[in-house]
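Read off the chains here:
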Amino acid sequence: MGRFFAPAILLLLGIIFSVVGGGMAFLIGQPMLDTAEASLSWPNVPGTVIESEMDQYEDEENGRMYRAIVVYVYSLDGGEFESDRIWPDGNFSTSDRTVIFETLKKYPVGQKVTVFYNPVSPAESALEPGTSTGGHIVYGLGLGFLGLGCLLILIMFVVTYVTFRTPTPRQDPFPCRTGAAESIEYEYRDPLADNESF
């Protein structure tokens, strides 16, 4: 049982990392990158920024985080739309508020902007098409987890090969007793000689 424990743990961890990494990379990250690439060909309309501010919150792992909130409106086919999406895959947060200040400088309240919208879903829009910071992060992390999972599975095969190739010492079911053998002396008596005595 002990010989199977280490390979089984490695295989389990390898499968978990591979599934999670593959899901992150190809089910989440890749669609985000595809949307960012598709946004380069989206049509555009003029819009106006109606809100521009920095949001901050506390994160347990990274401490204080900052996020740019830029709300803009645009009209299309007689309807008015409102959005706060700067990039096609959404807005990101960072611990460096300088990055947020630079973003807000470009989009002050009242600023006229060019809004790129999805012709299939006009409510989906972006101010900076083709950019996908979040998509690259998710896709990169996913590939990292996937690579780690594959590495663990490879190590599992190596450990299994080495473990089962090494012979296990066999125990002799009939172990030899140690120590000097005891000598037993027998006295022989001739029965004919016993009869002659009578």
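Every chain begins its residue count from 1, and numbering advances along the sequence as written. Reporting in this predicted model follows two pLDDT cut-offs: at least 70 for local features of residues, and 80 or more for side-chain atom pairs to be given and counted; totals over whole chains, interfaces and linings ignore these cut-offs and use all residues. No hydrogens and no water enter the side-chain calculation; it runs on all heavy atoms of the structure.

Chemist: Please clarify how the overall build of the protein should be interpreted in this entry.
Modeler: Helices and strands together make up the secondary structure of the protein, namely four helices and six strands. Starting at the N terminus, helices and strands are each numbered in turn, a helix being any DSSP run of H or I of at least four residues and a strand any DSSP run of E of at least two. Shown N-terminal to C-terminal, the secondary structure of the protein runs as helices and strands in the order α-β-β-β-β-α-β-β-α-α. Residues count as neighbours in contact if any of their non-hydrogen atoms are within 4.5 Å of one another. For the protein, long-range pairs separated by at least 24 residues make up 71% of all intrachain contacts whose partners lie at least 6 apart in sequence. Working definition of accessibility: Shrake-Rupley area with a 1.4 Å probe, residue cover restricted to the visible protein chains. Accessible area of the protein: about 13,900 Å², with a carbon and sulfur share of 60%.

Chemist: Can you help me understand a negative patch on the surface in this one?
Modeler: A cluster of like negative charges, contributed by Glu-51, Glu-53, Glu-80, Glu-82 and Asp-84, occupies part of the molecular surface. Sorting the residues of the negative patch by element identifies strand S1 (44–59) and strand S3 (79–83) as the ones contributing at least two each. Note that Glu-53 resides in strand S1. Patches here are clusters of residues that have more than 30% relative accessible area and form no salt bridge, with a 9 Å joining cutoff for like charges and a 5 Å cutoff for nonpolar side chains (Val, Leu, Ile, Met, Phe, Trp, Tyr). Basic side-chain nitrogens of Lys or Arg form a salt bridge, by our definition, when they fall within 4 Å of a carboxyl oxygen of Asp or Glu. A positive count includes Lys and Arg, and a negative count includes Asp and Glu. His and the chain ends are not counted in either. The atoms used to mark charge sites are NZ of Lys, CZ of Arg, CG of Asp and CD of Glu.

Chemist: It is not clear to me how the pairing of S1 should be interpreted in this structure. Could you clarify?
Modeler: Sheet faces and side chains relate simply in a regular strand, where the side chains alternate between the two faces. Each pair of strands is called paired provided DSSP finds at least two bridges between the two strands. In this structure, S1 lies alongside strand S5 (residues 112–117), joined through five bridges in antiparallel fashion. Bridge pairing in S5 links Thr-48 to Lys-112. In the sheet, S1 pairs with strand S2 (residues 63–76) via 12 bridges, with the strands oriented antiparallel. Bridged to Val-49 within S2 is Tyr-72.

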